[in-house]
Amino acid sequence: AQSVTQPDIHITVSEGASLELRCNYSYGATPYLFWYVQSPGQGLQLLLKYFSGDTLVQGIKGFEAEFKRSQSSFNLRKPSVHWSDAAEYFCAVSNFGNEKLTFGTGTRLTIIP
Amino acid sequence: EAGVAQSPRYKIIEKRQSVAFWCNPISGHATLYWYQQILGQGPKLLIQFQNNGVVDDSQLPKDRFSAERLKGVDSTLKIQPAKLEDSAVYLCASSFRPPGAGNTIYFGEGSWLTVV
């Protein structure tokens, strides 16, 4: 069965600093990978997705993620965070054919001035 | 383009009572999902519809939860009777094409349920 691990429950970053959120997946075949962001009281918004091709994926709001098959990872990065990036971030995986998303437990991002 | 609409946004009920949540997906989206998100956890799929047929309901607690999607558009998720552990956010989502190669799934803002 597919699974996703987000090892960091909570991360605090200074505004303007760089960010990397970790995501590891377990899946037998080539996975489809996603990062979603959830602001307080809001639904999930898709930041970016990886299906195939270039392993470095660009998303919205200046985020990018890199698929590394050898490490079963899909880490999310941003070179310079803004206070508005404070939110919960979820990594998810699905398999070809049914679009059933399996989510990680999320990483809460706090931004300090 | 209007997003996925859900109502009510917030609901507080006593245990053993019933509750219903409504979802209107993005126009033209054939696939509709209901996810349950318990505080501190990632969303978990409860049920997936393709038009008005059920594709996957393997994680739906069928003794108390039911869902329908009449006419292949709006959907209703019902819980009866509710338990304390049903306190969660219920997220509705939709996608345009049938399940396949990584179609984008769009989420609503969720319906927050507290069972006391």
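Now for a description of the structure that goes with this document.

Cut-offs used in this document
Residues numbered from 1 in each chain as written. Chains lettered and ligands numbered in written order. Predicted model: local features only at pLDDT ≥ 70, side-chain atom pairs only at ≥ 80, totals over all residues. Heavy atoms only, no water. Contact = heavy atoms within 4.5 Å. Salt bridge = Lys/Arg side-chain N within 4 Å of Asp/Glu carboxyl O. Helix = DSSP H or I, 4+ residues; strand = E, 2+ residues; numbered from the N terminus.

**A closer look at the interface of chain B and chain A**
On the side of chain A, 20 residues touch chain B, which itself brings 26 residues to the contact. Summed over the shared surface of chain B and chain A, the number is zero salt bridges. Listing elements by their share of the side of chain B that touches chain A, those giving two or more residues are strand S4 (31–37) and strand S5 (44–50) of chain B. For the side of chain B that touches chain A, the leading source of residues is S4(B), giving three residues.

**Quick word on unusual backbone geometry**
All names here are of chain B. Residue Ser-7 is joined to Pro-8 through a cis peptide bond whose omega torsion reads -10°. Within the fold, Pro-8 resides in the loop between strand S1 (5–7) and strand S2 (10–13). Here the residue pair Gln-80 and Pro-81 is connected by a cis peptide bond, since its omega of -10° sits within 30 degrees of zero. Mapping Pro-81 onto the fold places it in the loop between strand S8 (75–79) and strand S9 (88–95). Not every positive phi belongs to a glycine, and Arg-16 is a case in point at roughly 80°. Following the sequence through the fold, Arg-16 ends up in the loop between S2 and strand S3 (19–24). The backbone of Lys-71 sits at a positive phi, close to 65°, despite the residue not being glycine. The topology assignment puts Lys-71 in the loop between strand S7 (65–68) and S8.

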